[in-house]
Each structure stands twice: as C-alpha cells, then as structure tokens.
Amino acid sequence: MGQAALGTRQGASRAAARQDLLGLTRQELEAWAEAQGEAAYRGRQVFKWLYQKRGSDPGAWSNIPRAFRGVLAERAAIGRPALVREEVSRDGTRKFLLGLGDGERIESVLIPDEDRLTACISSQAGCALECGFCLTGLMGLKRNLGPGEIVGQVLTLQGAAAPGARVSHIVLMGMGEPLANFGNVERALRILTDPDGPGFSPRRVTLSTVGLVPGIRRLAASGLQVNLAISLSGTTDEQRGRLMPVNRRYPLEALLAACREYPLPPRRRITFEYVLMDRVNDSAEDARRLTVLLRGIRCKVNLLPLNESPLLPFRPSPRQRVEAFQKTMHEGGVTATIRESRGHDISAACGMLHNASEQGLPLEANPASGEKALDTPQASP
Ligand code: SAH
C-alpha cells in the first residue's frame, strides 16, 4: 500500500484515522478487507459499490454482511471533493469549484458535446510550471492531489451531471501537471480504467503534459495505454523556452525523441496542443518548422487560439492566421484541427483555471453566465 494506506499517521485523531476508500486500487481494497478479517473478494464488492453504483453509504450495501458494513461505517470514509460553487457557460460547459479535505480548492470542468460528456479534471492544486500564457501558473503550486482526490473529481462531476448523462471521457487537462505528480496520477488512472470499477476504456482517457520527459517514459512503461497529449506551443528551443520555462530542462529534441519512442497502440496517435499567439508563434515559418519537427510521429495537432485574459501579455492569433497555419500543416502532411474554445465566458477554457475569485484577482464580469452556490457534505459516512 502507498501513502493512501492509513491509520498510521502519528497523533491522528480517531476520525482522521478512517481509511479513505477512494484512492485505493481494487487490489489495495482487497488487502484492506483482509486486514479487517474479511475475505479479499469483499474488497472487490466494496470497489464495485464505490464506482459502479457510486454508493456513498455503506449501510445500504446489501450484499455486504452486516458486520463488515459496521466496520466500514466505523473505520472508513469516502472523501469525495465537495461542490463549493458552479458556473454555467453559455455553451453548456460547467465549471466547478471543489473543496478538498484540508480546505484546499481546485477546479474541474464538465464539457458536454453531441455524443460525449467530458470531465476535465485537475492533478494538482495550482501548478509550478509557469507557462507564460496559462493562468494556473500564476497561482504557483499549492500541493499535489492524492489519488482519491483525482478519482473523486470524476465521481463528484458524475453526481452533478444531468440525470441519465454519463461521463464518457476524462481529460487530465485541468489544474496542474499530471506527470509532476506521477505516482498519484498513475494510481488514479489504474482505478479509473479498472473494469471492476469505473471501467473507463484507456482510449477515452487523455493525459496532457508540458513534456516532462522522464514522466513520459514512466507513463510508457506503466502499460496504462491512455492517450497522450503534449503541450508544444513553440517550434524552436529559444521561442518555446521563453513561453514554457520547462523547455530549458527538456528541450524539443529530447521531448520529441520520447514521443517517437512512446509505444502507441494500433490506430492511435499522440496529440500535440499548440496555443496560437499573435505574432509570437504563429508565422508561416513556425507552421513549416512544426511539420518538420513532427515528421515520423503518428500524431495530430490541435490548434488553440489563445484564450485571452487581462492577466496575460499575449493576444490570440487572428482567425486568418490560424487558418493559414492549419493549411500549411496540411500541406506538410500533418492533420491539424482548430479547436473552438469552450467555457471562455466563465473562465473554464484551457489555461484559465486559476481560482481567481479565491485570490482576489480581477475577474471579468459574466452577466450572461449563471452562478450558484452549492453546499454538499465533504465526506461520508
Ligand atoms: N499541465 C498540463 C495539463 C494542463 S492542460 C499541460 O500543460 O499539458 C491545459 C492546456 O491548456 C495545455 O495544452 C495548455 O497549453 C493550454 N493552455 C494554457 N493556457 C492557455 C490559454 N491561455 N489559451 C489556450 N490554451 C491554453
């Protein structure tokens, strides 16, 4: 068991010594059940209750013996992040401010589309990477999220979804850098893709990274086979290094080498995200260089015109240049899609998650978007 295993923290109060069930893999829950004197398969039953029936009250878990239900009520907790506030965009995107057990706050986003419902979840509270065009970087890193806090976001968002609507896709594109919190993210992905639990096909899960090369290699070695997205946004080390300080540690050549070696399942591709900024990284020369850089990598490119904020020193590329960029990519043999931004009016779009209201940063008024306060218990039982 890893850091989620508990009851061992010194000086922990009896309440704090409860085992948080979220964040344990199925195998760990089986071991925990055994440690309580139960058969291992009882742990698997609990796992199913947590994720397939999304149960939060062990008292109602009918196939669990009464005595073990008592043990669960006494020694376990289900620490789902609490809904603190919700904002709804004109386009249907819903942004949630979530409260964690220690009072830390994060944001997650539900993005409805014709045939899918995507949960965009966070891997850290804040972020340490300071990409020059991303608002999350302005917060700095508060802390890593635990595996239960990562998995719990999906449960909380599913609970907030419209009746009958199921979260179909998960993207780790919220706050934070997932590969900077590798162990907890890996454990969360094992839980989310477990067929006995939430059962998300790895094909419907995408991890997005700024390009931490050792993390990409560890992800490759993990065998998880989730989709990989790389935030690129620059075509020379000089340019990318100015926008994304991480490039000084892992320059383009090393990053793209790790991408070339990434073991892609058949018919799958790596996604490169490229944020287009007016006269910063959007020239015809950039587009040509990008096609050359990506040669030999099975990939597609998502072109994201910058989401604007008064807190950022850049402007989005004009539409005409975005389209010219795409055309040059196509001529160079690379598939490139222009992504329309979702949830911009409520600061739910890419790179805009920053808890500004929590920090007294100025926010644009959003008269057209709805906001409501919510109050849900943090953990149960
Ligand atoms: N740290 C990871 C996960 C966050 S994903 C990563 O960076 O990949 C967030 C995505 O939003 C990244 O692709 C990032 O490049 C993009 N992004 C950041 N700021 C943005 C902005 N202002 N406008 C558009 N996209 C932005």
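Here the structure is a predicted model, which means the values were calculated and not measured.

Definitions and cut-offs
All residue numbers here refer to positions counted from 1 along the written sequence of the relevant chain. The model is predicted, so local features are restricted to residues of pLDDT at least 70 and side-chain atom pairs to those at 80 or more, both for listing and for counting; the totals for chains, interfaces and linings are taken over all residues. Water and hydrogen atoms were dropped before computing side-chain values, which therefore reflect all heavy atoms in the structure. Numbered from the N terminus, helices here are DSSP runs of H or I no shorter than four residues, and strands are runs of E no shorter than two. Exposed residues in this analysis have more than 50% of their type's maximum accessible area, buried residues have under 20%, and partly exposed residues fall in between, with area computed by a 1.4 Å probe over protein chains only. Throughout, a residue-residue contact means that at least one pair of heavy atoms, one from each residue, lies within 4.5 Å. Here, Shrake-Rupley sampling with a 1.4 Å probe gives the accessible areas, and only protein chains in the shown set may cover a residue. Proximity is defined per residue: any heavy atom of the residue falling within 4 Å of a molecule or strand makes that residue near it. A 3.5 Å cut-off defines polar contacts: any pair of N or O atoms within that distance qualifies, except that in protein one atom must be a possible hydrogen donor and the other a possible acceptor, and neighbouring residues in sequence count only when both atoms are side-chain atoms. Side-chain classes are defined by residue name, with Ala, Val, Leu, Ile, Met, Phe, Trp, Tyr, Cys and Pro counting as nonpolar, Asp, Glu, Lys and Arg as charged, and the others, Gly among them, as polar. Whether two aromatic rings pair depends on their centres lying within 6.5 Å, for rings of Phe, Tyr and Trp, where Trp uses its six-membered ring; planes under 30 degrees apart make the pair stacked, over 60 edge-to-face, and the rest tilted. Two distance rules govern patches: like charges are joined within 9 Å, and nonpolar side chains (Val, Leu, Ile, Met, Phe, Trp, Tyr) within 5 Å, applied only to residues with over 30% relative accessible area and no salt bridge. We define a salt bridge as a side-chain nitrogen of Lys or Arg found within 4 Å of a carboxyl oxygen belonging to Asp or Glu. His residues and chain termini do not enter the charge count, which takes Lys and Arg as positive and Asp and Glu as negative. Charge positions are represented by NZ for Lys, CZ for Arg, CG for Asp and CD for Glu. Should DSSP find at least two bridges between two strands, the strands are regarded as paired.

*Asks:* Summarise the overall build of the chain; cite the residues concerned and give the values.
*Replies:* Tallying secondary structure elements over the chain gives 13 helices and 15 strands in all. Taken across its 381 residues, the chain has 54% of its residues classed as buried. At a minimum sequence separation of 6, the contacts of the chain that also span at least 24 residues come to 66%. Here the chain has roughly 17000 Å² of accessible surface; of this, 49% comes from carbon and sulfur atoms.

*Asks:* Explain the site of the ligand to me, using residue names and the numbers behind them.
*Replies:* As a matter of local geometry, the ligand sits amid 18 residues, with Phe 133, Gly 176, Ser 208, Ser 231 and Asn 307 nearest to it. At a separation of 2.6 Å, an oxygen atom of the ligand approaches a polar side-chain atom of Ser 208. Here Asn 307 contributes a backbone N or O atom positioned 2.8 Å from a nitrogen atom of the ligand. Across the complex, the protein chains shield 95% of the 550 Å² of accessible surface that the ligand would expose by itself. Taken together, the elements giving at least two residues each to the shell around the ligand come down to β10 (205–209) and β12 (270–276). By residue class, the composition of the shell around the ligand is nine nonpolar, seven polar and two charged.

*Asks:* Outline the packing of aromatic side chains, listing residues and values.
*Replies:* Counting across every chain of the model gives four aromatic pairs. Taking 6.3 Å as the distance between ring centres and 40° as the angle between the ring planes, the aromatic pair formed by Trp 32 and Phe 68 counts as tilted. Highlighted residues: Trp 32 in helix α1 (residues 26–35) and Phe 68 in helix α3 (residues 66–75), separated in sequence by 36 residues. Judged by its relative accessible area of 1%, Phe 68 falls in the buried class. Pairing Phe 47 with Tyr 51 gives two aromatic rings, centres 5.0 Å apart and planes at 65°, and the pair type is edge-to-face. In this pair, Phe 47 and Tyr 51 are both assigned in helix α2 (residues 40–51), four residues apart and thus about one turn of the helix distant.

*Asks:* Quick rundown of a positive patch on the surface? Include the residues and the values.
*Replies:* On the surface, Arg 116, Arg 203, Arg 204, Arg 267, Arg 269, Lys 300 and Arg 339 cluster together into a patch of positive charge. Within the fold, Arg 204 resides in the loop between α6 (182–192) and β10. By relative accessible area, which is 39% here, Arg 204 ends up partly exposed.

*Asks:* So what about the pairing of strand β4 (residues 94–99)? Which residues, and what values?
*Replies:* Working note: regular strand, side chains alternate between the two faces of the sheet. A large share of β4 lies buried, amounting to six of its six residues. Judged by which residues are buried, β4 turns out to be covered on both faces: Arg 94, Phe 96 and Leu 98 on one side and Lys 95, Leu 97 and Gly 99 on the other are all buried. In textbook terms, the turn of a hairpin is the stretch between consecutive antiparallel strands, and for strand β3 (residues 82–88) and β4 this stretch comprises five residues, one of which, Gly 92, has a positive phi near 95°. In the sheet, β4 pairs with strand β5 (residues 105–112) via six bridges, with the strands oriented antiparallel. Note that in β5 the partner of Leu 97 across the bridge is Glu 107. Hairpin geometry of β4 and β5 is characterised by an intervening segment of five residues between the two adjacent antiparallel strands and by a positive phi of about 90° at Gly 103.

*Asks:* I'd love a proper account of the side chain of Asn 307, names of residues and values included.
*Replies:* Along the polypeptide, Asn 307 turns up in the loop between β13 (299–305) and α12 (319–331). Side-chain polar atoms of Asn 307 contact the side chain of Ser 341, separated by 3.1 Å. Polar contacts involving the side chain of Asn 307 include one to the main-chain carbonyl oxygen of Cys 350, which spans 3.1 Å. Setting aside its immediate chain neighbours within four residues, Asn 307 contacts Leu 312, Ser 341, His 344, Ala 349, Cys 350 and Met 352.

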